[in-house]
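Notes for the structure review
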Amino acid sequence: MTFSIIAKDALHLLLNPQETAKLDDYHWQDFIRFLRFNDLMGTMASQLARFDVKINSRFAEKHLNAALIYSSRQAQQVINEAGGLKHLLNDYGIEPIFLKGSAYILCEDFNANGRVMSDVDILVDKKQIPEVERVLKENGWKEKALNSYDENYYRQWSHELPPFRHLTTGTTLDIHHTLIPPITGIILPVDNILNEVESAKYDTLSLQLEWRLLHCIIHFFFNEGYEKPLRDIWDIKCLFLKLEGQKELEQFFRLAHDLGLRKEVLYAVHSVVYCF
């Protein structure tokens, strides 16, 4: 079998894991490098387990099993951190809303299976930011040290604070006060967003599905780098599929249009259709 690892081939195998049974060690080497670079090793391993696919490569099997174990351990760590953060902040009248990878895990979204992430993300009311910072610093979290220029950028132009790191667990925490960098010139109705939440596992809160999807698209187009876009495209595809029926799709597109994000959503749909 002639196999060239390009994005469409890799995503086709991700969606159709049964076809990986045709790959030998030589082709798996390229594929594994591709998956690792795009943070999709655990996702591929999860797809193989879901479809009970037996591959013909002991070499690849070891890497995939390790990725599945690692992603499962990280998901449990996210659950533990989410519970701890909720109880800590709730004691001070603050309700964190979990975002991105943390939300996918807590909401049991399909794209959470095998997913790995570098941090936990939460959204809080901007008025509560000083209190959030104070509470975290008093309870084992330390803010990343920045020079004055970067500190000023975060405070004036970013959608989040400088990252915090827990001194014991090593977990990195990103604290958002909106979903899109103010430097873009796009202003989202944060007060409305804070109220459009749903209950997730372990008594936590996340954004409603349409906002999770929209935030994923925003992250795809307005993130600081495009070096690993394929995981975002997989996330977008999976979240789109979770919308139930024409009515929910129309509501989502209406929301994007009203917020001035219609173009980004259409490009996201085009990207998903092109890749899959």
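Structure: see above.
Now for a look at the structure at hand.

So, about the overall build of the protein chain. Across its full length, the protein chain carries 12 helices and 7 strands. For 276 residues, the compact-globule estimate of 2.2 N^0.38 gives 19 Å, and the protein chain sits close to it at 20 Å. By principal-axis analysis of the C-alpha atoms, the protein chain measures approximately 60 × 45 × 40 Å. Looking at the protein chain residue by residue over its 276 residues, the buried ones come to 49%. By sequence separation, contacts in the protein chain at least 24 residues apart represent 65% of the contacts at least 6 residues apart.

Another aspect to go through is the nonpolar core. Residues Ile-175 and Leu-214 are the most contacted members of the largest nonpolar core, which totals 84 residues. Sort the elements by how many residues they give to this core and helix H4 (residues 58–90) lands first, with 10 residues. Discounting chain neighbours no more than four positions away, the residues touching Ile-175 are Ile-122, Val-124, Ile-129, Val-132, Leu-136, His-159, Glu-160, Leu-161 and Phe-164.

Note that Glu-143 resides in strand E3 (residues 141–143). Here Glu-143 falls in the buried class, since its relative accessible area comes to 17%. A polar contact of 2.9 Å, which involves the side chain of Glu-143, links it to the side chain of Arg-155. Excluding residues within four positions of it along the chain, Glu-143 makes contact with Glu-133, Lys-137, Glu-151, Arg-155, Pro-162, Pro-163 and Phe-164.

Ordered in space as E3-E4-E5-E2-E1-E7-E6, the 7 strands form an open sheet in which the pairing is mixed. At either end of the open sheet lies a strand with only one pairing partner, and these are E3 and strand E6 (197–200). Taking the axes of each pair of neighbouring strands and ignoring which way they run, one obtains an average angle of 40 degrees across the sheet. Strand direction decides the pairing type here: E6 and strand E7 (residues 204–207), joined by 4 bridges, are antiparallel. Paired with Val-197 across the bridge in E7 is Leu-207. Along the sheet, H4 makes contact with strand E1 (97–99), strand E2 (120–123), E3, strand E5 (172–176) and E7, crossing E2 at roughly 30 degrees.

What follows concerns the packing of aromatic side chains. Overall, the coordinates contain 8 aromatic pairs when judged by the stated rule. Centroid distance Phe-110 to Trp-234: 6.3 Å. Interplanar angle 50 degrees. Geometry classified as tilted. Of this pair, Phe-110 sits in the loop between helix H5 (100–106) and E2 while Trp-234 is found in helix H10 (residues 230–242), placing the two residues 124 residues apart along the sequence. Among the aromatic side chains, those forming a connected cluster through ring pairs are Phe-110, Trp-234 and Phe-276. Across the ring face of Tyr-274, the terminal group of Lys-8 is positioned such that the distance to the ring centre comes to 4.5 Å. Against the face of Phe-276 rests Lys-237, its NZ or CZ located 5.0 Å from the ring centre.

Applying the stated criterion across every chain yields a total of 1 cavity of 30 Å³ or more. Looking at the largest cavity, its volume works out to about 30 Å³. Lining of the largest cavity is provided by Thr-43, Ser-46, Gln-47, Phe-110, Asn-113 and Trp-234. Looking at the lining of the largest cavity residue by residue, the class counts come to 2 nonpolar, 4 polar and no charged.

Turning to unusual backbone geometry, a few remarks are in order. For Glu-108, which is not glycine, the phi torsion reads 55 degrees and is therefore positive. With respect to the secondary-structure elements, Glu-108 resides in the loop between H5 and E2. In this structure, Asp-203 takes a positive phi of about 60 degrees despite not being glycine. Relative to the elements of secondary structure, Asp-203 occurs in the loop between E6 and E7. The exposed category is assigned to Asp-203, whose relative accessible area is 60%.

What follows covers the packing of helix H1 (residues 7–15) against helix H3 (residues 41–50). Between H1 and H3, the shortest axis-to-axis distance is 9 Å and the interhelical angle comes to 40 degrees. One way to sum up the angle between H1 and H3 is to call them oblique. Contacts between H1 and H3 involve Leu-13, Leu-14 and Leu-15 from the former and Thr-43, Met-44 and Gln-47 from the latter.

Right, let's talk about the pairing of E5 for a bit. Within E5, 4 of the 5 residues are buried, which leaves it mostly tucked inside the rest of the structure. Bridge count between E2 and E5: 4 bridges; the pairing is parallel. Of the residues in E5, the one forming a bridge with Ile-122 is Ile-175. Of the strand pairs in this sheet, strand E4 (residues 164–166) and E5 are connected by 2 bridges, and their pairing is antiparallel. Bridge assignment links Phe-164 to a residue of E5, and that residue is Leu-173.

Rules and cut-offs
- Residues numbered from 1 in each chain as written.
- Predicted model: local features only at pLDDT ≥ 70, side-chain atom pairs only at ≥ 80, totals over all residues.
- Heavy atoms only, no water.
- Helix = DSSP H or I, 4+ residues; strand = E, 2+ residues; numbered from the N terminus.
- Rg over C-alpha atoms; globule rule 2.2 N^0.38 Å.
- Buried < 20%, exposed > 50% of the residue type's maximum accessible area, 1.4 Å probe, protein only.
- Contact = heavy atoms within 4.5 Å.
- Core = buried A, V, L, I, M, F, W, Y, C linked by side-chain atoms within 4.5 Å.
- Polar contact = N/O pair within 3.5 Å; in protein donor to acceptor, adjacent residues only side chain to side chain.
- Pairing = 2+ DSSP bridges.
- Axes fitted to C-alpha atoms, helices over the stretch in contact; angles between N-to-C directions.
- Phe/Tyr/Trp six-rings, centres within 6.5 Å; stacked < 30°, edge-to-face > 60°.
- Lys NZ or Arg CZ within 6 Å of the ring centre and 35° of its normal.
- 1 Å grid on protein atoms, 1.4 Å probe; cavity = no way out; pocket = protein on both sides within 12 Å on 5 of 7 lines; lining within 4 Å.
- Points joined across faces, edges and corners; volume = space filled by probe spheres on them.
- Nonpolar A, V, L, I, M, F, W, Y, C, P; charged D, E, K, R; others polar.
- Parallel < 35°, antiparallel > 145°, perpendicular 65-115°, else oblique.

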